[in-house]
Amino acid sequence: MSEQKITVAKYLQIRLEQLGLTHLFGIAGNYTAPFLNTIQEDKNARIKIVNDTNEINAGHCTDAYARQNGFAAVAVTYGVGAFTLLNSVAGSYVEHCPVLVINGAPTNKDQQRSLVQGMLASHMTGDMYSNINVFRNVTVAAEQVTGASDAPYKIDSVLNACILYGRPVYLEVFEDAWRMECDPPIAPLVEREASKCQTSARKAAQRVAKMAKGKEIIFWGGIEIQRYGIQDEFLDLIETTDTEFVTSILGKSIVSENHPKFRGVFNGKASPKDVKERFEKAQLKIGLGVWTTGKNLGGFDVWKEDTVLANHSGVRIGASYIANVSLRDFMIFLQEELTKVTFSAYEMYDTEILPESFFLANNSMLKKGQQELTYDTFFSRINDFIDKRHIVVADAGFPLLGAQGIRIEEPNGFVAQASWLSIGYSVPAATGIKCARPDKRAVVFVGDGAFQETCQAISTQNKLKHDTIVFVLDNGIYGIEQMLVNPNPFRGEDKVEYSVPDLNNVYDYNEMHRWKYAKLVDVFGGKGFEVNTLNELKAVLEQLENIKENTIVHVNIPKTSIPEAIAYKTDEPGEDEFLNEEWSLC
């Protein structure tokens, strides 16, 4: 090898280190081995290879690492590995996480044999574009490297796209191409553009300021505030205008929730009742970086004339739309324009109401002395435990809805896949969070059904000597699925007695096989506890202060307990109930 040349594998390693990558996640395979060996053999490498338990766990882990670090990469092998990874990458695509997928592919010789002789090497389908074509649907750039001559260009092109768009990209490298020689990187990678058309941004800000004149306004912060790294600009806007704000559930913890102007999470009908009622009374709601997804809105109508939505696609003002607007520019100009008009900062709470009122610490059930362990009483107790040492990870379903009222002191201290909603995301995500933020302790809230999907991630966390706490909220069923199709079992005293017996009970296919979750530490390592009451929970929380190992806490929740945030669903017929004539008679 000449002194001027390096291998394709080394070229990629250099670029990843330039992007600040410290951990490479994935499952080792022979097609990717030359690249992994290049890192392994480099005693000065700044990247640690983390071999996970399966590809979907590695993908979720990578997604969470990207949310905290700003960029992440996962390496898998062809076909069986890549296709298993697809679900995780789709989540990163939907939720705008900058992830590089590295897929090692069969050699050029293997590809020619398949084409000419029909001979399939391991994991091949017979179509040399099968893997890349699948990933084109969930990435913003995808390249196939078959040799050294264009490898630097293709590597740089996908990485530049990942930086510019903040979404996943795909790089497929034939096994023999890894060791081929190319020129070392010279030109720097691009920096993410912060500006689009400033004229359009100024125009949008002027129109919104005109709408705000003489009205009571409130801000609604979304996840793009965090994704684009513009928290400071958001806080400048809040503090300069002295205006209160809520966040979406996706945007929870974009800034510290200790901020004096923070007034809770607005999630449409799934919001805490007082937050929903008070927020909707504001005369002008200005959404900044909010996405219009079902879970993010909970039935709230964003198309009203009193709602502005500004995000990556532009600014919607009533029925009109202004495209090609940078969210950062819009916020800066909006701050300037609002100083030119007279408006009122809407006050969600009277001064005599304690600012704690929208947090779970003062949950009405606990005030009444209820000691039963339910979703709401559980999270009310947990709220006293969580502080700036922690990063909370909430899984889809009831845990996410229950956790939305926890006070998160740490900026970026709440992680949830609240749009794609792949159950089981939270447990492997905690691995990525701890790798990106070793100074923090991840605390996971996951349902029993979701935990059974990805519980092997606990093994990786113990291997890495993490101190993650996983609360498995065990109600014995797929509760959110039952709620969506037939909420009747959750209605309590208002339960409808149908002549069709299945409509009166949790469906058999939503019943979980009951595990002894705390006993899994005998397999994976760490500490395990099981709690059935609030007093037992309190005792375990006290012990956790002194435990520095990975810990599983098995929390038994009554089968028909639901978070208050989703109780509104029981007032409506489920999908299956619509088909039953008896519902219309109730």
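Residues numbered from 1 in each chain as written. Predicted model: local features only at pLDDT ≥ 70, side-chain atom pairs only at ≥ 80, totals over all residues. Heavy atoms only, no water.

A. Region of the structure containing the sheet that holds strand S2 (residues 23-26). Read from one edge of the open sheet, six strands run S3-S2-S4-S5-S7-S6, paired in parallel fashion. The open sheet has two free edges, formed respectively by strand S3 (48-51) and strand S6 (142-145), since each of these has just one partner strand. Mean inter-strand twist for the sheet, computed between neighbouring axes without regard to direction, equals 20 degrees. Examined bridge by bridge, S2 and strand S4 (residues 72-77) share two bridges and lie parallel to one another. Its bridge partner being in S4, Phe-25 is matched across the sheet by Val-74. (Pairing = 2+ DSSP bridges. Helix = DSSP H or I, 4+ residues; strand = E, 2+ residues; numbered from the N terminus. Axes fitted to C-alpha atoms, helices over the stretch in contact; angles between N-to-C directions.)

B. Structural view of the side chain of Thr-139. Inspection of the secondary structure puts Thr-139 in the loop between helix H6 (130-135) and S6. Residue Thr-139 is classed as buried on the basis of its relative accessible area of 8%. In terms of polar contacts, Thr-139 uses its side chain to reach the backbone carbonyl oxygen of Phe-135, at 2.7 Å. A distance of 3.5 Å separates a polar side-chain atom of Thr-139 from the backbone oxygen of Ala-141. Sequence-distant contacts of Thr-139, that is, excluding residues within four places in its chain, are made with Val-89, Tyr-93, Pro-168, Val-169 and Tyr-170. (Buried < 20%, exposed > 50% of the residue type's maximum accessible area, 1.4 Å probe, protein only. Polar contact = N/O pair within 3.5 Å; in protein donor to acceptor, adjacent residues only side chain to side chain. Contact = heavy atoms within 4.5 Å.)

C. Representation of the domain arrangement of the protein chain within the structure. Domain parsing of the protein chain yields domain 1 (6-182), domain 2 (198-345) and domain 3 (375-569). Averaged C-alpha coordinates put domain 1 and domain 2 at centres separated by 37 Å. Tallying the contact residues gives five residues for domain 1 and five residues for domain 2. Of the roughly 450 Å² buried at the junction of domain 1 and domain 2 (both faces included), carbon and sulfur atoms supply 47%. Broken down residue by residue, the surface that domain 1 buries against domain 2 is led by Arg-67, Glu-95 and His-96, which jointly contribute 89%. Between domain 1 and domain 2 we count three residue pairs in polar contact (both at pLDDT 80 or more) in total. Split by residue class, the side of domain 1 that touches domain 2 holds two nonpolar, one polar and two charged. (Domains from an automatic or database assignment. Buried area = accessible area lost by both parts, 1.4 Å probe. Nonpolar A, V, L, I, M, F, W, Y, C, P; charged D, E, K, R; others polar.)

D. The side chain of Gln-461, seen in detail. Structurally, the position occupied by Gln-461 is in helix H19 (residues 457-463). Taking the relative accessible area as the measure of exposure, Gln-461 reaches 0% and is therefore buried. A distance of 3.0 Å separates the side chain of Gln-461 from the side chain of Thr-431, its partner in a polar contact. When near neighbours in sequence (up to four residues on either side) are disregarded, Gln-461 contacts Val-427, Ala-430, Thr-431, His-466, Thr-468 and Asn-550.

E. Broad picture of the layout of surface pockets. Size it by volume and the second largest pocket reaches roughly 930 Å³. Lining the second largest pocket are 35 residues; nearest its centre among them are Ile-163, Leu-164, Arg-192, Arg-227 and Tyr-228. Those elements that provide at least two residues to the lining of the second largest pocket are helix H3 (55-69), helix H7 (151-165), helix H9 (224-227) and helix H13 (327-338). Looking at the lining of the second largest pocket residue by residue, the class counts come to 15 nonpolar, twelve polar and eight charged. Both domain 1 (6-182) and domain 2 (198-345) contribute no fewer than three residues apiece to the lining of the second largest pocket. (1 Å grid on protein atoms, 1.4 Å probe; cavity = no way out; pocket = protein on both sides within 12 Å on 5 of 7 lines; lining within 4 Å. Points joined across faces, edges and corners; volume = space filled by probe spheres on them.)

F. Broad picture of helix H5 (residues 108-117). Among the residues making up H5, those that are buried are Asp-110, Gln-111 and Ser-114. Buried residues of H5 fall within an arc of 100 degrees about the axis and therefore sit on the same side. Turned more than 90 degrees away from the buried face of H5 sit Lys-109, Val-116 and Gln-117, all of them exposed. Looking at the packing, one finds that the buried side of H5 touches strand S5 (99-105) and strand S7 (169-174). (Arc of directions from axis to C-beta.)

G. Structural context of the nonpolar core. Ranked by size, the top nonpolar core spans 63 residues in total, and within it Leu-12, Leu-16, Leu-24, Phe-35, Leu-100 and Ile-102 carry the most contacts. Examining the composition of this core, we find that seven residues originate from one element, H7, more than from any other. Among the domains, domain 1 (6-182) and domain 3 (375-569) are the pair contributing at least three residues each to this core. In this structure, Phe-35 is in contact with Ala-9, Leu-12, Gln-13, Leu-16, Leu-24, Ile-102 and Trp-178, ignoring residues within four places of it in sequence. (Core = buried A, V, L, I, M, F, W, Y, C linked by side-chain atoms within 4.5 Å.)

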